[in-house]
Amino acid sequence: MRWLAIALAFVCVALIALGLGGCRFSKDGVLSAYESVVQFAGQFALTPAIQLQGVRAFGEDHYTGDYRAEYANFSGTEYLFGGTSTVGRDVQVTFSLDAESGGGTLFLMSGKNMLEVLLDAQGEFERTLTLPAGSSYIGFTGKGLTGALKMRLTPCAESKAG
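Quantities reported herein were computed from a predicted structural model and do not represent experimental measurements.

Participant: Explanation requested: the overall build of the protein in the structure shown.
Facilitator: Within the protein, the regular secondary structure consists of two helices and six strands. Secondary structure elements of the protein, listed N to C terminal, follow the sequence α-α-β-β-β-β-β-β. Counting across all 162 residues of the protein, residues that qualify as buried make up 37%. A separation threshold of at least 6 residues defines the contact pool for the protein, and within that pool the share at least 24 residues apart is 73%. For the protein, the computed accessible surface area is about 9,400 Å², with 58% contributed by carbon and sulfur atoms.

Structure below.
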C-alpha cells in the first residue's frame, strides 16, 4: 500500500507542476482524472479473482456483478465488490447462503460505518444499500463453512447517494 501512496503523491505533484507551468486544465477535466485515479486505487482492496473460492463477474463497475461459490470447510474473508469513489451510489444486494456446516457473515465496510454486519446466519438477504463517497466494500467471512453462496449486486435505477 505504501507504493500506492507514493504514486498518488507523484500524480498530485505532477498536476500541480503542470498547472504552475502554464498548462491549463478545466475543472471538470481535473475532477474526472482524480476520480479515475481514486477508482483505480480502490480496486486493489478487493480479493483478486485467482484467490477467490468462487467465480466473480463484475457488472458495469466493481460495485456490481455476480458471485457464486461452493465452499468446503472455508475459513477466511473475501472482499467481493466495492472500491473507492468521490461519489456515492445505491446498489440492490441479493444474497443467499445455504450452509451444510459452519457459518458465514456478509458485511459492508465503509468509511462512515466502518463495519456493518448485513447477515450473520444462513439464509437469504435482499436490500438496497447506500454506499457513501469514499471507500465501500462488500465482503464475506466464512467460519468452517461447507455450503453454497450466491450474490448479485445491481445498480438502483434512482440513486439517492451523493
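Participant: Is there a simple way to think about the pattern of salt bridges in this case?
Facilitator: Should the charged atoms of two oppositely charged side chains come close, the side chains can pair. Per the counting criterion, the structure on display carries four salt bridges. A salt bridge links Asp61 to Arg89; its shortest N-O distance comes to 3.0 Å. With Asp61 in the loop between strand S1 (55-58) and strand S2 (65-85) and Arg89 in strand S3 (residues 89-110), the pair connects residues that are 28 residues apart, well separated along the chain. For Asp61, a relative accessible area of 22% corresponds to the partly exposed category.

Participant: Explain the packing of aromatic side chains here, please?
Facilitator: The way to describe two aromatic rings as a pair is by their centre distance and the angle between their planes. Per the counting criterion, the structure on display carries five aromatic pairs. For the pair Phe95 and Phe140, a centre-to-centre distance of 6.1 Å together with 40° between the ring planes defines the contact as tilted. Here Phe95, found in strand S3, pairs with Phe140, found in strand S6 (residues 134-155); they are 45 residues apart in sequence, far enough to count as distant. A single burial state applies to Phe95 and to Phe140, both of which are buried. Three or more aromatic residues joined by ring pairs form one cluster here, namely Tyr71, Phe74, Phe95 and Phe140. Directly above the ring of Tyr63 sits Arg89, whose terminal nitrogen or CZ lies 3.8 Å from the centroid.

Participant: I tried to follow the nonpolar core on my own but got confused; where do I start?
Facilitator: The tendency in soluble globular proteins is for nonpolar side chains to be buried side by side. Membership of the largest hydrophobic core comes to 26 residues, with the highest contact counts inside it found for Tyr67, Phe95 and Met151. If you list the elements that add at least two residues to this core, you get S2, S3, strand S4 (114-119), strand S5 (123-131) and S6. Considering every element that reaches this core, the biggest residue donor is S3, with seven residues. If we skip the residues at most four places from it in the chain, Phe95 touches Leu106, Leu119, Gly123, Glu124, Phe125, Phe140, Leu149, Lys150 and Met151.

Participant: It is not clear to me how the environment of Thr146 should be interpreted in this structure. Could you clarify?
Facilitator: You can see Thr146 is positioned in strand S6. As a C-alpha pair, Thr146 and Tyr71 span 75 residues in sequence and 4.9 Å in three-dimensional space. Beyond its immediate stretch of four places on either side in the chain, Thr146 contacts Tyr71, Ala72, Asn73, Asp98, Ala99, Glu100 and Ser101. At a separation of 2.9 Å, a polar atom in the side chain of Thr146 contacts the main-chain amide nitrogen of Asn73.

Participant: Honestly, the side chain of Ser85 in this entry has me stumped. Any pointers?
Facilitator: Mapping Ser85 onto the fold places it in strand S2. Given the relative accessible area of 2%, Ser85 is considered buried. Within the local environment of Ser85, its side chain forms a polar contact with the side chain of Arg89, the two groups lying 3.2 Å apart.

Participant: Please explain unusual backbone geometry as it appears in this structure.
Facilitator: Peptide bonds are mostly trans, and most non-glycine residues show a negative phi. Non-glycine residue Asn73 carries a positive phi angle of around 55°. Along the chain, Asn73 falls in strand S2. Exposure remark for Asn73: the relative accessible area of 57% places this residue in the exposed category.

Conventions we followed
Residues numbered from 1 in each chain as written. Predicted model: local features only at pLDDT ≥ 70, side-chain atom pairs only at ≥ 80, totals over all residues. Heavy atoms only, no water. Helix = DSSP H or I, 4+ residues; strand = E, 2+ residues; numbered from the N terminus. Buried < 20%, exposed > 50% of the residue type's maximum accessible area, 1.4 Å probe, protein only. Contact = heavy atoms within 4.5 Å. Areas by Shrake-Rupley, 256 points an atom, 1.4 Å probe, with all protein chains shown as cover. Salt bridge = Lys/Arg side-chain N within 4 Å of Asp/Glu carboxyl O. Phe/Tyr/Trp six-rings, centres within 6.5 Å; stacked < 30°, edge-to-face > 60°. Lys NZ or Arg CZ within 6 Å of the ring centre and 35° of its normal. Core = buried A, V, L, I, M, F, W, Y, C linked by side-chain atoms within 4.5 Å. Polar contact = N/O pair within 3.5 Å; in protein donor to acceptor, adjacent residues only side chain to side chain.

Everything listed here is a matter of coordinates, which is why it stays silent on function.
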